[in-house]
Amino acid sequence: QVQLVESGGGLVQPGGSLRLSCAASESIFSISRMGWYRQAPGKQREMVAAITSGGSTNYADSVKGRFTISRDNAKNTVYLQMNSLKPEDTAVYYCTLDQLPTRYWGQGTQVIVSS
């Protein structure tokens, strides 16, 4: 069973930055597509960013130019660098690992952007 553990969430002022981390328990990390999703109160969960095993990335339009996803296969860890944060980025952020046909989810980490 794959386990994903997120960290790095917290309270930040608008315009600030945070870096989320997600550590995976399995060595399959290096061959897996990894992603970050988020869910704000009263809204559906949405994809934020994803990165393939080869390093190709894609982003939601709402975060392009502000967020960067990266991975360190030696550490089985994926990161989400979030800059220029806005109040609308407030959500619980979830890490995912795709081992088709299964998508594994982390427990989530709360990000609050508020002054």
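For the structure itself, look to the data block above.
Residues numbered from 1 in each chain as written. Predicted model: local features only at pLDDT ≥ 70, side-chain atom pairs only at ≥ 80, totals over all residues. Heavy atoms only, no water.

Q: Outline the sheet that holds strand 3 (residues 18-24), supporting the account with residue identities and numerical values.
A: Strands sit in the order 1-3-8-7 across an open sheet of four strands; the sheet is antiparallel. Taken across any chain shown, the strands that pair with only one partner, and hence form the sheet edges, are strand 1 (4-7) and strand 7 (67-72). The average angle at which neighbouring strand axes cross in this sheet is 15 degrees, direction not considered. As paired strands, strand 7 and strand 8 (residues 77-82) are joined by six bridges and run antiparallel to one another. From the neighbouring strand, Arg 71 faces strand 8, where its bridge partner is Val 78. (Pairing = 2+ DSSP bridges. Helix = DSSP H or I, 4+ residues; strand = E, 2+ residues; numbered from the N terminus. Axes fitted to C-alpha atoms, helices over the stretch in contact; angles between N-to-C directions.)

Q: Any chance you could break down the side chain of Ser 21 for me, citing the residues and the numbers?
A: Mapped onto the fold, Ser 21 is located in strand 3. On the basis of relative accessibility, which here comes to 16%, the residue Ser 21 falls in the buried class. (Buried < 20%, exposed > 50% of the residue type's maximum accessible area, 1.4 Å probe, protein only.)

Q: Explain the nonpolar core residue by residue, including any values.
A: Formed by 31 residues in total, the largest nonpolar core has its most connected members in Leu 4, Trp 36, Val 78, Leu 80, Met 82, Tyr 93 and Leu 97. When residues of this core are traced back to their parent elements, those giving at least two are strand 3, strand 4 (33-39), strand 5 (46-51), strand 7, strand 8, strand 9 (91-99) and strand 11 (109-113). Discounting chain neighbours no more than four positions away, the residues touching Leu 97 are Val 2, Leu 4, Ala 24, Ile 28, Phe 29, Ser 32, Arg 33, Met 34, Thr 102, Arg 103 and Tyr 104. (Core = buried A, V, L, I, M, F, W, Y, C linked by side-chain atoms within 4.5 Å. Contact = heavy atoms within 4.5 Å.)

Q: Kindly report on the state of the cysteines, identifying the contributing residues and their values.
A: Every disulfide links exactly two cysteines, by a covalent bond between their sulfur atoms. Tallied over the full model, the rule gives one disulfide. Each sulfur of the disulfide joining Cys 22 and Cys 95 lies 2.1 Å from the other. Negative torsions about the S-S bond denote left-handed disulfides, and the value of about -80 degrees found for Cys 22 with Cys 95 makes this one left-handed. Here Cys 95 lies in strand 9 and Cys 22 lies in strand 3, a separation of 73 residues in the sequence. Residue Cys 22 is classed as buried on the basis of its relative accessible area of 0%. Residue Cys 95 is classed as buried on the basis of its relative accessible area of 0%. (Disulfide = S-S within 2.5 Å.)

Q: Explain the pairing of strand 5 to me, using residue names and the numbers behind them.
A: Sheet topology note: the strand 4/strand 5 ladder contains five bridges and is antiparallel. In the sheet register, Tyr 37 faces strand 5, and the bridge partner there is Met 47. Connecting strand 4 to the next strand, strand 5, in antiparallel fashion are six residues, including Gly 42 with a positive phi near 75 degrees. For strand 5 and strand 6 (residues 57-59), the ladder comprises three bridges, and the chain directions are antiparallel. Considered in strand 6, the bridge of Ile 51 is made with Thr 57. Turn length for the strand 5-strand 6 hairpin, with the two strands adjacent in sequence and antiparallel, is five residues, and the turn residue Gly 55 shows positive phi of about 100 degrees.

Q: So what's going on with the packing of aromatic side chains? Which residues, and what values?
A: A complete count under the given rule lists two aromatic pairs for this structure. On the basis of an interplanar angle of 80 degrees and a centroid distance of 6.2 Å, the ring pair of Tyr 94 and Trp 105 is categorised as edge-to-face. Of this pair, Tyr 94 sits in strand 9 while Trp 105 sits in strand 10 (residues 102-105); the two residues are eleven residues apart in sequence, bridging distant segments of the chain. By the ring-pair criterion, three or more aromatic residues cluster together here, those being Tyr 37, Tyr 94 and Trp 105. Seen from the ring of Trp 105, Arg 45 lies directly overhead, with NZ or CZ sitting 4.6 Å from the centre. (Phe/Tyr/Trp six-rings, centres within 6.5 Å; stacked < 30°, edge-to-face > 60°. Lys NZ or Arg CZ within 6 Å of the ring centre and 35° of its normal.)

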